[in-house]
Amino acid sequence: MQQRILVAVTGASGSIYAERLIEVLLQRVERIYLLFSETGAKVVRHEIQPKSEGFSLSKAANGEVHPDHRSVLRVMRNDDLFAPVASGSSAPTAMVILPASMGCLGRIVHGISGNLIERSADVCLKQKKPLIICPRESPLNAIHIRNMLGLAELGCQIVPAMPGFYHHPKTVSDLVDFMVGRVLECLGMDHELYPAWNSRMR
């Protein structure tokens, strides 16, 4: 099945996860829609240096898309509520919010649709499309936990940015790949970013 994946980057730390996810998806799906919240774009520019080769999230945050990626990747404005993904008739196959700020998460669970990220999440909920939310916050207060429970009860998959260590990571990239692999699994995609748990015993 041809997949159209919407990736939203909000104002939490963890932009590196989104960059790596899109690198992988560019080789695997028909279309990627990419959205940044205003703060999300600022965090990207702060956390990630522009790349001269391959996909660069910081360049995408400035509206620059490499010619090799333009057939797949579409960067959309967060204030464009006339974008196709704002309608249930053209909902994406799935939506991933990575990283998800607690503010964004809270507005979604309470049905607030003040921008394209929030509206697209609402569309995915009402159309029963996969909505994968990857919060990055620590410590969590009771409001954060209640909001995540509310979204889980609505059918969202909550995938906190909590990398594991059983695959014996040796680099930051290994930790990033663990989280990206978790997201790919939620999208129903196989990967080889890290070995399955106790794979020698399978």
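Residue indices begin from 1 for each chain and proceed along its sequence in written order. For this predicted model, a pLDDT threshold of at least 70 governs which residues receive local features, and a threshold of 80 or more governs which side-chain atom pairs are given and counted, while totals over whole chains, interfaces and linings are taken from all residues. Calculated side-chain values reflect all of the structure's heavy atoms, with hydrogen atoms and water omitted.

**Topic: the packing of aromatic side chains**
No. 1: In this scheme Phe, Tyr and Trp rings, the latter by its six-membered ring, pair at centre separations within 6.5 Å, and the angle between planes marks the pair as stacked below 30 degrees, edge-to-face above 60, and tilted otherwise. Tallied over the full model, the rule gives two aromatic pairs.
No. 2: Centroid distance tyrosine 166 to phenylalanine 178: 5.7 Å. Interplanar angle 80°. Geometry classified as edge-to-face. Of the two residues, tyrosine 166 is situated in the loop between β6 (157-158) and α7 (172-186) and phenylalanine 178 in helix α7; the sequence distance between them amounts to 12 residues.
No. 3: Here's how the labels work: a residue is buried when its accessible area is under 20% of the maximum for its type, exposed when over 50%, partly exposed in between, all with a 1.4 Å probe on protein chains only. Judged by its relative accessible area of 4%, phenylalanine 178 is buried. Numbering of helices and strands starts at the N terminus; helices are DSSP runs of H or I of at least 4 residues and strands are runs of E of at least 2.

**Focus on α7**
No. 1: Multiplying 1.5 Å by the helix residue count minus one yields the expected span of that helix. For α7, spanning 15 residues, the distance from its first C-alpha to its last is 22 Å, which sits close to the expected 21 Å at 1.5 Å a residue.
No. 2: Taken residue by residue, α7 has Val176, Asp177, Phe178, Met179, Val180, Gly181, Val183 and Leu184 as its buried positions.
No. 3: Here a residue-residue contact requires only that any non-hydrogen atoms of the pair lie within 4.5 Å. Buried-residue contacts for α7 involve α1 (15-25), β4 (94-100) and β5 (131-135).
No. 4: Immediately beyond the C-terminal end of α7, within one or two residues, lies glycine 188, with a positive phi of roughly 80°.

**Focus: the side chain of arginine 31**
No. 1: With respect to the helices, strands and loops of the structure, arginine 31 is situated in strand β2 (residues 31-36).
No. 2: Among buried charged residues, arginine 31 stands out as having no salt bridge; its nearest opposite-charge side chain is glutamate 30, 5.7 Å away.
No. 3: Whenever a nitrogen or oxygen atom comes within 3.5 Å of another N or O atom, the pair is scored as a polar contact, on the condition that within protein one atom can donate a hydrogen and the other can accept it, and that pairs from neighbouring residues in sequence are kept only if both atoms are in side chains. In terms of polar contacts, arginine 31 uses its side chain to reach the backbone carbonyl oxygen of serine 71, at 2.6 Å.
No. 4: Discounting chain neighbours no more than four positions away, the residues touching arginine 31 are Gln3, Arg4, Ile5, Ser71, Val72 and Arg74. As used throughout, the charge tally considers Lys and Arg to be positive and Asp and Glu to be negative, leaving His and the chain termini uncounted. Whenever Lys or Arg places a side-chain nitrogen within 4 Å of a carboxyl oxygen from Asp or Glu, that contact is recorded as a salt bridge.

**Points about the environment of serine 13**
No. 1: Relative to the elements of secondary structure, serine 13 occurs in the loop between β1 (4-9) and α1.
No. 2: Apart from the residues lying within four places of it in its own chain, the contact partners of serine 13 are Val43, Glu47, Pro99 and Arg136.

**Description of unusual backbone geometry**
No. 1: A cis amide bond links leucine 98 with the next residue in sequence, proline 99, at an omega value of -5°.
No. 2: Inspection of the secondary structure puts proline 99 in strand β4.
No. 3: The amide bond that connects serine 138 to the next residue, proline 139, takes the cis arrangement and shows omega of -5°.
No. 4: Examined against the element boundaries, proline 139 turns out to sit in the loop between β5 and α6 (142-153).
No. 5: With a phi close to 60°, lysine 128 is a non-glycine residue in the positive phi region.
No. 6: Secondary-structure assignment places lysine 128 in the loop between α5 (116-126) and β5.
No. 7: Positive phi, close to 55°, is recorded for histidine 168, a residue that is not glycine.
No. 8: With respect to the helices and strands, histidine 168 occurs in the loop between β6 and α7.

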